[in-house]
Amino acid sequence: QVQIVESGGGLVQPGGSLRLSCAASGIMHGIYGMGWFRQAPAKERELVATIFSGGPTTYSDSVKGRFTISMDNAKNMVFLQMNSLNTEDTAVYYCKVVTNWGKKVFWGQGTQVTVSS
């Protein structure tokens, strides 16, 4: 059974930092790619950053230069280092996993990030 578990969310002041983690278990035949998406109240879910097992990364323009995505292939984990946070980064952050076999997509339950003074 596949499980995707995010952690590391919380409340932080503007200008602060947080590090999100996502662990995938039960994945057979490896991971093709992982990513972070976020959804703010009354808004659609949007891409934050993605990373593929070969290393290529992509970032949304709104987080480029502030967020860094990284992946531990051996542990099937992905991380999101978030620096210089601002109130517009407040959202539920979701981890997305795409498998090698069949390119199946799995989502985590989400972790809340709140940026507020």
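Reference entry: report on the structure contained in this document. Note that this is a predicted model, so its numbers are computed, not measured. (Residues numbered from 1 in each chain as written. Predicted model: local features only at pLDDT ≥ 70, side-chain atom pairs only at ≥ 80, totals over all residues. Heavy atoms only, no water.)

## Structural notes on the layout of surface pockets
Stated precisely, the cut-off is as follows: Throughout, the protein atoms alone are placed on a 1 Å grid, and a set of points is a cavity if a 1.4 Å probe fits but cannot get out or a pocket if it is open with protein on both sides within 12 Å along at least five of seven lines; lining residues have an atom within 4 Å of a point. Grid points are joined across faces, edges and corners, and a volume is the space filled by probe spheres set on the points. Polar here means any residue other than Ala, Val, Leu, Ile, Met, Phe, Trp, Tyr, Cys and Pro, which are nonpolar, and Asp, Glu, Lys and Arg, which are charged; Gly is therefore polar.
Taken as a whole, the largest pocket spans an internal volume of roughly 160 Å³. Taken together, R38, Q39, A40, K43, E44, E46, T87, E88, T90 and A91 make up the lining of the largest pocket. Considered class by class, the residues forming the lining of the largest pocket number two nonpolar, three polar and five charged.

## Re the pairing of strand β8 (residues 77-82)
Filter applied, for reference: The buried label goes to any residue with under 20% of its type's maximum accessible area, the exposed label to any with over 50%, and the partly exposed label to all in between, with areas taken from a 1.4 Å probe on protein chains only. Strands are runs of DSSP state E lasting at least 2 residues, helices are runs of H or I lasting at least 4, and numbering of each runs from the N terminus. We call two strands paired when DSSP finds no fewer than two bridges between them.
Taking burial as the measure, the six residues of β8 include five buried ones, the bulk of the element. Relative to β8, strand β3 (residues 18-25) runs antiparallel, the two being bridged by six bridges. Paired with L18 across the strands is M82, a residue of β8. Two strands pair when backbone bridges link them, and strand β7 (residues 67-72) and β8 are joined in this way by six bridges, in the antiparallel orientation. Looking at β8, one finds that F67 is bridged to M82.

## A look at the environment of L20
Worth spelling out the cut-off: Here, residues are in contact when the closest pair of their heavy atoms is within 4.5 Å.
Within the secondary structure, L20 is located in strand β3. Given a relative accessible area of 0%, L20 falls into the buried group. Taking the C-alpha atoms as reference, L20 lies 17 Å from G65; in sequence the two are 45 residues apart. Excluding anything up to four places from it in sequence, L20 contacts S7, G8, G9, W36, V78, F79, L80, M82, Y93, T111 and V113.

## Let's talk about the packing of aromatic side chains
To be explicit about the condition: Stacked, tilted and edge-to-face are the three classes applied to pairs of Phe, Tyr and Trp rings, where Trp contributes its six-membered ring and a pair requires centres within 6.5 Å; stacked means planes under 30 degrees apart, edge-to-face means over 60, and tilted covers the rest. Whether a charge sits over a ring depends on NZ of Lys or CZ of Arg being within 6 Å of the ring centre and within 35 degrees of the ring normal.
Across all of its chains, the model carries two aromatic pairs by this definition. Between Y32 and F52, the aromatic rings sit 5.3 Å apart at their centres with planes inclined by 70°, giving edge-to-face as the arrangement. Within this pair, whereas Y32 is found in strand β4 (residues 31-39), its partner F52 is found in strand β5 (residues 46-52), the two being separated by 20 residues in sequence. Owing to a relative accessible area of 32%, F52 belongs among the partly exposed residues under this scheme. With a centroid separation of 5.1 Å and 70° between ring planes, the pair formed by F37 and W107 is classed as edge-to-face. Here F37 is found in strand β4, whereas its partner W107 is found in strand β10 (residues 105-107), with 70 residues between them in sequence. According to the relative accessible area criterion, F37 is buried, its value standing at 13%. Note on W107: relative accessible area 34%, which makes it partly exposed. Above the ring of F79, the side-chain terminus of R19 is found at 4.2 Å from the ring centroid. The ring of Y32 is capped by K103, whose NZ or CZ atom sits 4.5 Å from the centre of that ring.

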